[in-house]
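A structural walkthrough
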Amino acid sequence: MVKICCIGAGYVGGPTMAVIALKCPKVQVSVVDISTPRITAWNSEHLPIYEPGLDDVVKQCRGKNLFFSNDVEKLVAEADIVFVSVNTPTKTQGLGAGKAADLTYWESAARMIADVSKSDKIVVEKSTVPVKTAEAIERILTHNNKGINFQILSNPEFLAEGTAIQDLFNPDRVLIGGRETPGGQKAIATLRDVYAHWVPVEKIICTNLWSAELSKLAANAFLAQRISSVNAMSALCEATGADVTQVSHAVGKDTRIGPKFLNASVGFGGSCFQKDILNLVYICECHGLAEVANYWKQVIKINDYQKTRFVNRIVSSMFNTVSGKKIAILGFAFKKDTGDTRETPAIDVCKGLIGDKAKISIYDPQVQEEQITRDLSLKKFDWDHPAHLQPMNPTSVKEVTCVRDAYEATKGAHGICILTEWDAFKSLDYQKIFDGMEKPAFVFDGRNVVDAEKLRKIGFIVYAIGKPLDAWLKDMPAVA
Ligand code: UDX
Ligand code: UDX
Ligand code: ADP
């Protein structure tokens, strides 16, 4: 029986291992983590992450061939294949601060593997790491030479949160990179056999180590670039009277471009896009490729511009001041169907409004108050450290309240910002909401989810990203 152990029981490690366990009943899968609360939650009725379909998969396998444990060293020592899926934050100080990946957790995991191993192992990179990390890790592993053979593979994860289980069940592709030596090829074949339990072999792509590592950064950069491209167009649409949804539709019909990932929004968030692009930029700079670095930097600049533009639009349309005004925030997660708030655009929008002295009231169906308070108090790039997964008592931000439903959030508010595209926000009773608000009542739809015309008929002034502006908004232009 092949034994797999995954270091890091997070958004990637947890769902990925659960699906491997489900699809390979003869493989024993352990997921280990240094965080005790995380492992306790994985072993409880309330999993630490909200992901549609995940509960079902975990329930079917947990205790049979899927185990969650804090006994990191023992389970790593016993495993044939060790996946590493630990945090890779952006460095906050020293060389490459604000750009380069901080590989502290990766390095400590690699040293631990080297220390505890007594048998040959395949070590698999699952976290996104800079290109050529595999080589560095290989050095750590082989330096501790006890006659043990380590083969390092890069097997980047392409799942998106909110659809993780579907993405894992039916991936567009599985990518495995390894050394072009007989040992490397054998390791690739072993991991390929695991995936081949449910993924058609033609979808399993095998490459060299560096191509696999770079493909992950490239895929995320391309996806983020599509969003920044459509968001840049959204600003031009507002200025010219074009409708970004119509433009996206027309552009996406070209099969060379395709229709997906062309939704204009208040900006992209999530743990990967910004971090991976910063990483890519840093790598390009290190190789003297300044033009390439600048090209990718622009994707992040447009994303920041889009969030600033949104806040400016709110302030300018409310007579250039939101001081003392109540603004309801509907949705805090970085996208629907997840409780994850890492790099969510809601953080920057809320901070912008708080900076202008607004009072904000936040409702998200899956995000707890403690999380929101923590997010609004953390410094940029500080979110991706295991310490932040431990319970802590952040001091609350006095201008912010978190409430348990959309009606409470909007009661007595001057304006509503929709920042996550939760389906439930489409079918709220907007007449009831309007009746309970200060007038003029504003809706700023950062995800283009509401029926703007219907809301205008009720009496709202509506701003929707990249759509022709109401006369009111035209008269009060936002300065970006
Ligand atoms: C383009 C558009 O494709 C077409 O829809 C529009 O109506 C006119 O402009 P065209 O310029 O004729 O068409 O050719 P196209 O196939 O788009 O190629 C443009 C350039 O891009 C060529 O120099 C081509 O060699 C280059 N190219 C294209 C690449 O370098 N790589 C590619 O993957 C594709
Ligand atoms: C992403 C990649 O999609 C996935 O392949 C990779 O493994 C991890 O990073 P994730 O961040 O979980 O996944 O979600 P994704 O669906 O890519 O959304 C990222 C952000 O872009 C969200 O904030 C989302 O709202 C935004 N987005 C997405 C848009 O603003 N417009 C779109 O058209 C699509
Ligand atoms: P991702 O989205 O990439 O899965 P997460 O932050 O959700 O990222 O998960 C990473 C997990 O890795 C965290 O639960 C963290 O506690 C764990 N972790 C970090 N370093 C180590 C380590 N050295 N040993 C075990 N677990 C670790």
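Model, not experiment: these values are computed from the prediction. (Residues numbered from 1 in each chain as written. Chains lettered and ligands numbered in written order. Predicted model: local features only at pLDDT ≥ 70, side-chain atom pairs only at ≥ 80, totals over all residues.)

1. Brief notes about the site of ligand 2
N263, S265, F268, G270 and C272 are the nearest of the 19 residues found near ligand 2. At 3 residues, helix α9 (residues 209–240) tops the list of elements feeding residues into the shell around ligand 2. Taken together, the residues that form the shell around ligand 2 break down as 11 nonpolar, 5 polar and 3 charged. Counting contributing residues per domain, the shell around ligand 2 is built from domain 1 (3–199) and domain 2 (221–475), each supplying no fewer than three. (Near = placed C-beta within 6 Å. Helix = DSSP H or I, 4+ residues; strand = E, 2+ residues; numbered from the N terminus. Nonpolar A, V, L, I, M, F, W, Y, C, P; charged D, E, K, R; others polar. Domains from an automatic or database assignment.)

2. Let's talk about the site of ligand 3
Every one of the 22 residues lining ligand 3 counts as a neighbour, but G8, G10, Y11, V12 and P386 are closest to it. The element that contributes the greatest number of residues to the shell around ligand 3 is helix α5 (residues 104–116), accounting for 3 residues. By residue class, the composition of the shell around ligand 3 is 11 nonpolar, 9 polar and 2 charged. Of the residues that make up the shell around ligand 3, three or more belong to each of domain 1 (3–199) and domain 2 (221–475).

3. What to know about the confidence of the model for the protein chain
Of all residues in the protein chain, 98% attain a pLDDT of 70 or more, and the chain-wide mean is 95. In the predicted complex, the global pTM is 0.96; the interface-specific ipTM is 0.96. (pLDDT = per-residue confidence, 0-100.)

4. Let's talk about the environment of N144
Summarising the element assignment, N144 is placed in the loop between α6 (133–143) and β6 (150–154). Residue class for N144 comes out partly exposed when judged on the 14 C-beta atoms lying within 10 Å of it. Along the primary structure N144 and R111 are separated by 33 residues, whereas in three dimensions their C-alpha atoms are 8.7 Å apart. If we skip the residues at most four places from it in the chain, N144 touches A114 and D115. (Buried ≥ 20, exposed ≤ 12 C-beta atoms within 10 Å, placed from the backbone. Contact = placed C-beta atoms within 7 Å.)

5. Here's the deal with unusual backbone geometry
With omega at -5°, the peptide bond leading from K439 into P440 counts as cis. Looking at the element boundaries, P440 is found in the loop between α16 (430–435) and β13 (442–445). Phi at K132 takes a positive value of approximately 85°, unusual for a residue other than glycine. Tracing the chain through its elements places K132 in the loop between β5 (121–125) and α6. At K357, a position not held by glycine, the phi torsion is positive, near 70°. Within the element layout of this structure, K357 appears in the loop between α13 (345–355) and β10 (359–363).

6. Description of the packing of α9 against helix α11 (residues 273–286)
Helix-helix packing is characterised by the crossing angle of the two axes and by the distance between the axes. Across the interface, α9 lies against α11 with an axial gap of 9 Å and an inter-helix angle of 115°. Pair α9 / α11 crosses with left-handed handedness. The residues of α11 that touch α9, namely those facing L217, N220, A221 and A224, are F273, D276, I277, N279 and L280. (Axes fitted to C-alpha atoms, helices over the stretch in contact; angles between N-to-C directions. Left-handed = near helix turned anticlockwise from the far one by under 90°.)

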